[in-house]
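# Structural characterization, general
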Amino acid sequence: MTNSSKMPNTSSSSADVQLKTSQQNYEPQISSAESELIFLEILFQVYLPPVLIVLGTVGNCLTIFVMRRKNLCQCSISFYITAFACCSLVMLYLFLGTEWISKIFNQKSVDEKADWLCPVWQFISRVISYSGIWFVVAMMIDRYIVIWHPKQFSSLCTLFMAKFVAIIIFVGLVVISIHAMWTFELMDNGCYTYHPENDVHSVIWTWVAASFYSYIPLALIFIFNVLIFTGICLKRPFKSHQTQDHHSLLFTYTTLATSMFYFLLVMPATIINIVEHTYPPSWQQDKELVTQLAKANLTAHYMAWLNMTIIFFMCFFFSRTFRAELWDMLCSLCCRHRRRIYELQTGSQSTHIETDSCNETTPL
């Protein structure tokens, strides 16, 4: 009896082994595409935003300081570049920064914290974020006038006209984006648009807004890119029109490069957005395809964020005037700092000498 009681229960142990084996067999296996998606989410959502914020802050602030210097602040193109840099700073901190903080601390995003914040935040984000692309269009039109209509340059490419265009851009975006105040609602899974069944108005207005947000400005950027590039090759404005503003002519290459990079970085996100709104429901059954679309959407989303950091590099590499003004600004800051240190040192030395002389002449 004693020996028999110490013997293991072979039937129960074999059943446990079979149960564990069956549980291992039924555990969901993560595919390579899903593991790549998880890796991209960690890379883009955790590590990339602070890098973009730091680069964008330094670059955009330097761009604003240089463009507001005495030699450049009266140019219309300088105003557009400054406005684009300011919008980029606001977007980096107000949208990318809050998105990153929510991800790091596992908190709800700003538009999910309250019912009233959902439509208000969507309205504000649309007005600010899509103003950047329209400032790029304004820069392109300004350069088009310089190259193809130099006689109208002095009357159309002025600081007053640039400010007027900026007001028109913001007013137009407010009108186009105001529908977000009543079309977005806070739902269980986030802040999304609410489309009642058979509501033609909501569907049509969504495509109208998308046209003004992306399709029309991207088409204008492409058209004016071709026109400006053709004008540079044929007219050679830098040699033929010596009476024009030298600084404005030099920023033509900067504008062309900025618009080209902007177009290339935004186009993938625009195409994926169209695909997501038009693909057939049968695609949802293909998990591999859905995962690939999610990877492409995530990559394109952060490619578009790169546009918020490029304006400084475009100005630095494509404008000799910008480099000269930047160097002059940095040198003046260094010289001012050294002069201040020298004044403090000489002042302390003179005070020390005066004190010694007073001590020598003062009677005991």
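A brief structural summary. All figures in this text were calculated on a predicted structure; none of them were measured in a lab. (Residues numbered from 1 in each chain as written. Predicted model: local features only at pLDDT ≥ 70, side-chain atom pairs only at ≥ 80, totals over all residues. Heavy atoms only, no water.)

What follows is about the overall build of the protein chain. Along the backbone of the protein chain there are 15 helices and two strands. Residue burial in the protein chain is summarised as follows: out of 364 residues, 38% are buried. Sequence-distant contacts in the protein chain: of pairs separated by 6 or more residues, those separated by 24 or more amount to 81%. Summed over its atoms, the accessible surface of the protein chain is roughly 22,000 Å², and 66% of this surface lies on carbon and sulfur atoms. (Helix = DSSP H or I, 4+ residues; strand = E, 2+ residues; numbered from the N terminus. Buried < 20%, exposed > 50% of the residue type's maximum accessible area, 1.4 Å probe, protein only. Contact = heavy atoms within 4.5 Å. Areas by Shrake-Rupley, 256 points an atom, 1.4 Å probe, with all protein chains shown as cover.)

What follows deals with the pattern of salt bridges. In total, this model carries four salt bridges according to the counting rule given. For Glu36, the salt bridge identified is with Lys295, shortest N-O distance 2.5 Å. Highlighted residues: Glu36 in helix α3 (residues 32–67) and Lys295 in helix α13 (residues 287–305), separated in sequence by 259 residues. A relative accessible area of 39% means that Glu36 is categorised as partly exposed. In this structure Lys295 comes out as buried when scored by relative accessible area, which is 12%. A salt bridge links Arg69 to Asp328; the nearest nitrogen and oxygen atoms lie 2.5 Å apart. Here Arg69, found in the loop between α3 and α4 (76–104), pairs with Asp328, found in helix α15 (residues 320–361); they are 259 residues apart in sequence, far enough to count as distant. Put simply, Arg69, Glu325 and Asp328 are held in one network by salt bridges that share partners. (Salt bridge = Lys/Arg side-chain N within 4 Å of Asp/Glu carboxyl O.)

Quick look at unusual backbone geometry now. Excluding glycine, a negative phi dihedral is what most residues carry, and trans is how most peptide bonds are arranged. Phi angles above zero are rare outside glycine, and Asn106 is one such case at about 55°. Looking at the secondary structure, you find Asn106 in the loop between α4 and α5 (117–129).

This brings us to the packing of α4 against helix α8 (residues 159–177). At a closest axis distance of 8 Å, the pairing of α4 and α8 adopts a crossing angle of 35°. Note on packing geometry: the crossing formed by α4 with α8 is right-handed. Along the contact surface, α4 presents Ser76, Phe79, Tyr80 and Cys87, while α8 presents Leu159, Met161, Ala162, Lys163, Val165, Ala166 and Phe170. (Axes fitted to C-alpha atoms, helices over the stretch in contact; angles between N-to-C directions. Left-handed = near helix turned anticlockwise from the far one by under 90°.)

Here the focus is the pairing of strand β2 (residues 190–193). Of the pairings in the sheet, the one linking strand β1 (residues 184–187) to β2 comprises four bridges and is antiparallel in character. Opposite Leu186, over in β2, you have Cys191 as the bridge partner. Hairpin connection, β1 to β2: the antiparallel pair is bridged by two residues. (Pairing = 2+ DSSP bridges.)

Take the nonpolar core next. Counting residues in each nonpolar core, the largest one holds 47 residues, and the members touching the most others are Met67, Tyr80, Ile81, Phe135, Phe251 and Phe322. The residues contacting Ile81, other than those within four sequence positions of it, are Thr63, Met67, Met139, Phe251, Ile311 and Cys315. (Core = buried A, V, L, I, M, F, W, Y, C linked by side-chain atoms within 4.5 Å.)

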